[in-house]
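Structural overview for review
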Amino acid sequence: MSIDVVATRSPLGAPDAEAYIGAEVRAIIRDRGLDPTRDLAISRSVIDGVVGDYRARMLTARLPPLGDAEVVARRLFDTLAGLGPLQQYLDDPSVEEIWVNEPTKVFIARGGRNELTTTVLTADLVRDLVERMLKPTGRRIDLSHPFVDATLPDGSRLHVAIPDATRLHWALNIRKFVVRARHVEDLVELGTLPAVAGRFLEAAVVAGLNILVAGATQAGKTTMLNCLSASIPVRERVITCEEVFELACCVKLHMCEPPCTSASPSTGQVRARP
């Protein structure tokens, strides 16, 4: 079984092929003023060009062996434009959740079952990935804010905690937002609800009755709320209060509000959420 160890040097300390290629790609991207997270197509073209050139030079020069060129190109692209070793799990539609308990323990969930992956990170890389994920959200994590929740550009939910909120290591969790149902009828078709229960819930929403949605992690609470909100009459005005914006309310008169936070962010206060 192969292990995805994050490294740029061979066991003897000499730079390997990926390190050579990575350095050249970074130099080209820097000289051209490209942003790999935005200029995706151009960045991938640069990587493919450098990999192809390296393969050609291997025929006439003594260079470290390249191995699988496509794997190397994909890994470099994920490092520059994505979330490095974690990007493969974000791209995999069968993966529902990713969490890192410590750098050497990366777990995923498929079909509701947890799996320990072969991916091995470093403490510095975990911090770098967290900073990269938080940068577009405008949120921060430090000793005064030892945990944070945010939404990634693809809609996935991110939660990060650092010592002293954790015992020793930085811990992160990514829950991918997989849309399988948008209406109550979809839940019925998927077998989540019997048809009679679906009709009852739709009628309860239209009538304005109080509905409490509760359940364990990954039970489908957000999906249920989104499906129920699709039954809200268009004439209604809806206000949602979310710590991380996830609800996709279909009503036009819809406003999202974040929960109230402490007015003194430097106090280091950690408030328990209901």
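See the structure above.
Conventions adopted
- Residues numbered from 1 in each chain as written.
- Predicted model: local features only at pLDDT ≥ 70, side-chain atom pairs only at ≥ 80, totals over all residues.
- Heavy atoms only, no water.
- Helix = DSSP H or I, 4+ residues; strand = E, 2+ residues; numbered from the N terminus.
- Pairing = 2+ DSSP bridges.
- Axes fitted to C-alpha atoms, helices over the stretch in contact; angles between N-to-C directions.
- Contact = heavy atoms within 4.5 Å.
- Core = buried A, V, L, I, M, F, W, Y, C linked by side-chain atoms within 4.5 Å.
- Buried < 20%, exposed > 50% of the residue type's maximum accessible area, 1.4 Å probe, protein only.

1. Quick look at unusual backbone geometry
Residue Asp-164 is bonded to the preceding Pro-163 through a cis peptide linkage, with omega at 10°. Turning to its location among the elements, Asp-164 is positioned in the loop between β7 (157–161) and β8 (171–175).

2. A look at the sheet that holds strand β2 (residues 95–102)
Strand pairing in a sheet is mediated by backbone hydrogen bonds. Such pairs are either parallel or antiparallel. Pairing is antiparallel in the open sheet, where six strands are placed in the order β4-β3-β2-β8-β7-β6. The sheet is open, and its two edges are formed by β4 (113–116) and β6 (147–151), each paired on a single side. Strand-to-strand, the axes of this sheet are offset by a mean angle of 15°, without reference to chain direction. Pairing of strand β3 (residues 105–110) with β4 involves four bridges; the strand directions are antiparallel. Note on β4: the bridge partner recorded for Phe-107 is Leu-116. Lying over the sheet, helix α5 (residues 123–134) contacts β2, β6, β7 and β8, oriented at roughly 45° with respect to β8.

3. Observations concerning the nonpolar core
In terms of nonpolar packing, the biggest core is built from 26 residues, with Leu-86 and Leu-172 touching the most fellow members. Of all elements in the fold, only α4 (87–91), β2, β3, α5, β6, β7 and β8 reach the threshold of two or more residues within this core. Considering every element that reaches this core, the biggest residue donor is α5, with six residues. Core analysis: the second largest hydrophobic core is formed by 18 residues, Val-50, Val-72, Leu-76 and Leu-80 among them.

4. Section: the environment of Leu-116
The topology assignment puts Leu-116 in strand β4. Sequence separation between Leu-116 and Thr-104 is twelve residues; the distance between their C-alpha atoms is 10.0 Å. Non-local contacts of Leu-116, meaning those with residues more than four positions away in its chain, are made with Lys-105, Val-106 and Phe-107.

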